[in-house]
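# Structural overview for review
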Amino acid sequence: MSFLLHSKNGQLVLAIVAFAAVVALLLLTARLAERLRGRGRSGVMVLLFGGPALLLLAVGLVYPALRTLWMSFMDGSSESFVGWANYAHVFVDPAGVVALRNTLAWVVLTPLCATAIGLVYAVLIDRSRFESAAKSLLFLPMAISFVGAGIIWRFVYEYRGAAQEQTGLLNAVIVWLGGDPVRFLQDSPLNTLFLIAVLVWTEAGFAMVILSAAIKAVPQDVMEAARLDGAGAWQLFTRITVPSIRPSLVVVLTTISIATLKIFDITRTMTGAQFDTQVLANEMYDWSFVFGDNGIGSAMAVLIFLLVIPLVIYNVRQMARNRAVRA
Amino acid sequence: MLVDEEEARTVIVKTTRARQVAVVVAGGLVSALALSACAGDDLGGGGGDATGADCAAFEKYGTFDGETVTISSTISDQEADQLEESWADFTECTGITIEHNGTNEFESQIFVQVEGGNAPNLAIFPQPGLLSRMQAEGHLKPAGADAQAAAEENYTEDWLSYGTIDDELYGIPVMGSVKSFVWYSPAEFEENGYEVPTTWDELMTLTDQISADQGDETVKPWCSGIESGGATGWPATDFVEDMVLREAGPEVYDQWVNHEIPFDDPQIVASVDRAGDILQDPERVNGGIGDPRSVATTPWAEAGLQVLDGSCSLFRAASFFEAQLPEGTEVGPDGDIFAFYLPADEAEDRPLLVAGDYVGAFDDKPATQAVQAYLASPEWANSRVSIGGVVSPNQGVDPANASSDVLRLTLDLMQDEGAVARFDGSDLMPSEVGAGSFWTAMTEWVDGRVDTEKALASIESSWPK
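Note that this is a predicted model, so its numbers are computed, not measured. The numbering scheme is per chain: residues are counted from 1 as the chain's sequence reads. For naming, the first written chain is A and the first written ligand is 1, with later ones following in the order written. Where totals are concerned, whole chains, interfaces and linings use all residues; where local detail is concerned, this predicted model gives features only for residues with pLDDT of at least 70, and gives and counts side-chain atom pairs only at 80 or more. Side-chain numbers here rest on the full set of heavy atoms in the structure, without hydrogens or water.

### Section: the side chain of Gln166 of chain A
Residues and elements named next belong to chain A. By the element assignment, Gln166 lies in the loop between helix 7 (146-157) and helix 8 (169-176). For the purposes of these results, a polar contact is taken to be a pair of N or O atoms within 3.5 Å, where, inside protein, one atom must be able to donate a hydrogen and its partner to accept one; residues adjacent in sequence count only when each atom of the pair is a side-chain atom. A distance of 2.9 Å separates a polar side-chain atom of Gln166 from the backbone oxygen of Arg160. Between two residues, a contact is recorded if the distance between any of their heavy atoms is within 4.5 Å. When near neighbours in sequence (up to four residues on either side) are disregarded, Gln166 contacts Glu158, Tyr159, Arg160, Gly161, Asn171, Ala172, Val175 and Pro181. Each helix is a run of H or I in the DSSP string that is no shorter than four residues. Each strand is a run of E no shorter than two, and both are numbered from the N terminus.

Encoded structure:
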């Protein structure tokens with residue numbers, strides 16, 4: 001037994017045996033199910049093919065979620081029950097309050113700005129000669145990781161004293177125009193806005209691609225009828241295009257909101273979450289993995305989960321409705 | 001006819017299924033083997049191929065036929081190769097194979113490994129805080145008698161105290177660095193007739209002298225940066241720790257680190273203010289970059305590079321700043337850049353702020369203890385130091401073996417009998433403070449958003465009850 005568990009070769013043998021056993025079990029049950037006839041058959045089939053997926057979901061998603069919930073009511077080492085103390089800490093600790101305030105700003109501003117920019121861009125380039133080139137241009141940042149984007153924008157925002165030669169792009173422009181260099185990442189509360197701009201930069205391309213596809217699906221006859229009725233470009237946009245692509249707009253907005261709630265890479269690389277730029281996800285990481293306090297870390301995870309749930313439900317229902325309309 | 005057809009179909013179905021099974025199982029085997037091959041790569045090393053080593057020196061460790069000792073650490077890449085090279089003769093002569101597994105994820109993985117029953121035999125902990133956490137959870141074994149005897153012979157009490165828990169020696173320091181250094185340009189010092197200061201007052205006089213001689217809007221005597229991604233603030237906490245050792249002394253330092261006095265004790269306030277004499281004076285920082293507030297957003301190593309440009313003359317940083325210098329930089333008393341000891345109030349007092357790696361054992365098998373004893377010996381320390389890049393606080397190391405002038409200077413300080421070594425306090429404090437509120441409060445203090453009293457009071461209130 002100890003050979004199997006505690007030596008590298010033993011573990012390898014164990015892994016192969018377990019793997020072969022699972023495969024054999026699956027093939028055997030599939031074969032048995034095939035023999036079944038009549039009413040029982042479809043039920044068994046559902047269980048057979050849906051079962052493993054359900055099991056994996058239970059092990060990989062449901063169990064950890066319940067465990068996190070349980071840990072959020074326990075102390076730092078998950079040994080004794082502390083009630084709501086961890087949640088109280090999140091809402092009372094001055095750093096926690098700053099994180100909540102900033103997270104709110106992120107979740108409100110990022111989806112709105114990214115979607116607005118993506119929508120306007122999609123409308124402007126629609127059916128133009130340079131459409132595909134223009135699209136790739138805005139879509140490119142999507143291919144950059146958040147950490148990469150953070151490092152790039154750190155250089156753009158870099159600050160040097162007024163007497164020094166500016167090394168940051170933006171400050172170089174400002175000084176060239178005769179202004180004083182700005183501490184983009186250091187002066188709160190504006191620094192949070194400059195961090196949000198980085199996420200908008202990466203997410204606008206996503207919004208643009210989805211919305212551009214939706215705009216192309218707006219029926220031409222409706223557009224032409226409206227034009228014949230004397231509608232101008234603005235009226236076409238607000239009365240025909242936007243209502244027609246509303247379901248896509250909702251999906252884009254909610255998807256970006258969910259991504260924003262999880263963001264922590266950008267603050268971590270650009271300001272180290274200093275200078276009042278802390279956000280909930282980064283604070284959760286610090287408490288759980290740097291300070292080793294599972295209680296407070298889990299409470300923050302649960303909080304983020306609660307904030308995401310309504311968005312996910314709305315998103316799913318909207319998608320289901322879209323499918324019903326199309327069908 | 002009909003029956004035949006039915007039979008034939010069954011045969012075909014059966015063979016197809018058998019083939020499917022064979023394919024799936026074969027696929028599984030291939031991927032499992034590929035995985036094991038990768039694991040084999042990771043665990044490689046040990047062995048060594050040096051031949052003809054003189055085995056007499058290793059007789060005292062005994063011989064072990066075919067025994068394997070595993071070591072986990074944070075040491076990876078080139079440094080890991082150098083580490084494995086350092087014990088090649090030992091493994092050849094004793095017959096012990098050492099499997100070293102170094103990973104950046106050591107700090108989180110070691111707990112997973114240990115709790116999963118997969119503990120290595122030895123681990124090299126990058127700081128004593130981790131060692132004592134491991135000991136508190138009951139996973140460590142005290143060093144064996146030979147290792148303990150070797151440690152007591154070769155290390156100073158200061159260094160051993162950080163590996164000692166409840167009067168038992170668990171961790172033995174293997175490699176270390178000294179943080180109390182000021183980097184400067186020897187050429188500039190010679191040109192202007194500056195002398196390396198030996199007391200704090202001389203350092204401040206020199207600062208003002210440089211300011212008067214060269215200071216203008218862009219050139220200042222000092223440069224500094226404390227930005228370091230998710231760990232922003234640590235260089236400022238090191239600076240403060242060095243000041244506590246100088247302003248209040250090692251005894252107060254110990255009380256402060258162990259929270260026997262409040263974090264915002266008046267002596268600590270005075271120490272932070274002393275750091276502020278440099279870090280918050282617009283006449284003294286931040287050469288080549290901006291005003292004192294710019295210290296908060298400048299990457300720490302980038303600040304030091306200003307010494308090479310001549311935008312500043314003095315930069316406080318640990319011995320390992322050498323690794324951050326551009327290739328081709330000459331480091332030495334006659335080179336482009338060199339370091340001097342950050343002086344204390346009196347020239348006779350030499351408090352050192354240090355950091356280092358400690359090796360601890362998870363079992364008490366004879367082979368494990370033999371390796372731990374070897375790592376505590378001057379033979380290993382000299383072997384490792386000769387290979388280059390690092391130094392060891394082992395008192396038996398010959399400074400001539402150091403691979404650079406800065407490392408030689410570090411060794412001289414480590415072996416200086418008048419020096420008092422104290423470990424980097426933020427590594428010893430609870431991590432909410434040492435990797436949390438201390439960093440944040442010092443960053444806010446450097447940024448000029450809070451005064452000294454307020455910054456220290458906020459750290460005091462964050463100390464876990």
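### Some details on the pattern of salt bridges
Put simply, a salt bridge is a Lys or Arg side-chain nitrogen that is within 4 Å of an Asp or Glu carboxyl oxygen. Enumeration according to the criterion identifies 26 salt bridges over all chains in this entry. Here Arg293 of chain B and Asp187 of chain A are joined by a salt bridge, their closest N and O atoms 2.7 Å apart. Placement of Arg293 of chain B in the loop between helix 12 (266-279) and helix 13 (300-304) and of Asp187 of chain A in the loop between helix 8 and helix 9 (190-216) is noted, with the two residues assigned to different chains. We note a salt bridge from Asp447 of chain B to Arg449 of chain B, for which the minimum N-O separation is 3.4 Å.

### Notes on a negative patch on the surface
Together, Glu195, Asp201, Glu202, Glu346, Glu348 and Asp349 of chain B give the surface a local cluster of negative charge. Relative accessibility thresholds used throughout: buried, under 20% of the residue-type maximum; exposed, over 50%; partly exposed, between the two (1.4 Å probe, protein chains only). Note on Asp201 of chain B: relative accessible area 55%, which makes it exposed. Exposure above 30% relative accessible area and the absence of a salt bridge qualify a residue for a patch, where like charges join within 9 Å and nonpolar side chains (Val, Leu, Ile, Met, Phe, Trp, Tyr) within 5 Å. For every accessible area listed, the method is Shrake-Rupley and the probe measures 1.4 Å; residues are considered covered only by the protein chains on display. His is not counted here, nor are the chain ends, while Lys and Arg score as positive and Asp and Glu score as negative. Positions of charges follow a simple convention, taking NZ of Lys, CZ of Arg, CG of Asp or CD of Glu.

### Observations regarding the nonpolar core
Counting 127 residues, the largest nonpolar core has Trp183 and Trp256 of chain B as its most contacted members. Here Trp256 of chain B is in contact with Val240, Glu241, Val244, Ile261, Pro262, Phe263, Ile268, Met429, Phe438 and Trp463 of chain B, once residues within four sequence places are set aside. Counting residues in hydrophobic clusters, the runner-up holds 37 residues, among them Ala114, Met223, Ile240 and Ile256 of chain A. The definition of a nonpolar core used throughout is a set of buried Ala, Val, Leu, Ile, Met, Phe, Trp, Tyr and Cys residues joined through side-chain atoms within 4.5 Å.

### A closer look at the domain arrangement of chain A
Domain start and end points were adopted from an automatic or database domain assignment. One can read the domain layout of chain A as domain 1 (2-71) and domain 2 (85-146 + 198-326). On a C-alpha basis, the centroid separation for the pair domain 1 of chain A and domain 2 of chain A is 37 Å.

### Focus on the environment of Thr232 of chain B
You can see Thr232 of chain B is positioned in the loop between helix 9 (200-214) and helix 10 (234-247). Given a relative accessible area of 0%, Thr232 of chain B falls into the buried group. The spacing of Thr232 of chain B and Thr443 of chain B is 211 residues in sequence and 7.4 Å in space, taken between C-alpha atoms. Dropping the residues within four chain positions of it, Thr232 of chain B is found in contact with Thr271, Gly272 and Gln274 of chain A together with Ile226, Glu227, Ala296, Trp439 and Thr443 of chain B.

### Focus: helix 7 of chain A
All names here are of chain A. Compared with an ideal rise of 1.5 Å per residue, which puts twelve residues at 16 Å, helix 7 spans 16 Å between its outermost C-alpha atoms and is within 8% of the ideal. By the burial criterion, the buried members of helix 7 are Ala149, Gly150, Trp153, Arg154, Val156 and Tyr157. Buried residues along helix 7 cover an arc of 160 degrees about the axis, so they all sit on one side. Contacts from the buried residues of helix 7 go to helix 8, helix 9 and helix 13 (265-270). Helix span is expected to be 1.5 Å times the residue number reduced by one. Working definition: the arc comes from the directions between the helix axis and the C-beta atoms, pointing outward to the latter.

### Focus: the packing of helix 10 of chain B against helix 11 (residues 250-257) of chain B
Residues and elements named next belong to chain B. Fitting a line to C-alpha atoms yields each axis, with helices limited to the stretch in contact; the angle taken between N-to-C directions then spans 0 to 180 degrees. Between helix 10 and helix 11, the shortest axis-to-axis distance is 7 Å and the interhelical angle comes to 135 degrees. Looking at the two axes, helix 10 sits oblique to helix 11. Counted together, Val240, Glu241, Val244 and Leu245 of helix 10 and Pro250, Tyr253 and Trp256 of helix 11 form the full contact between these two elements. We call Asp, Glu, Lys and Arg charged. Ala, Val, Leu, Ile, Met, Phe, Trp, Tyr, Cys and Pro are nonpolar, and the rest, Gly among them, are polar. The residue makeup of the contact of helix 10 with helix 11, split by class, is six nonpolar, no polar and one charged. Note on terminology: angles under 35 degrees are roughly parallel, angles over 145 are roughly antiparallel, angles of 65 to 115 are roughly perpendicular, and the others are oblique.

### Details of the sheet that holds strand 9 (residues 338-341) of chain B
Residues and elements named next belong to chain B. Here we have three strands laid out as an open sheet, ordered 8-7-9, and antiparallel in their pairing. The open sheet has two edge strands, strand 8 (315-316) and strand 9, and neither has a second partner. Bridge analysis of strand 7 (residues 181-184) against strand 9 gives four bridges, and the strand direction is antiparallel. Bridge assignment links Phe181 to a residue of strand 9, and that residue is Tyr341. Only strands joined by at least two bridges in the DSSP assignment are considered to pair.

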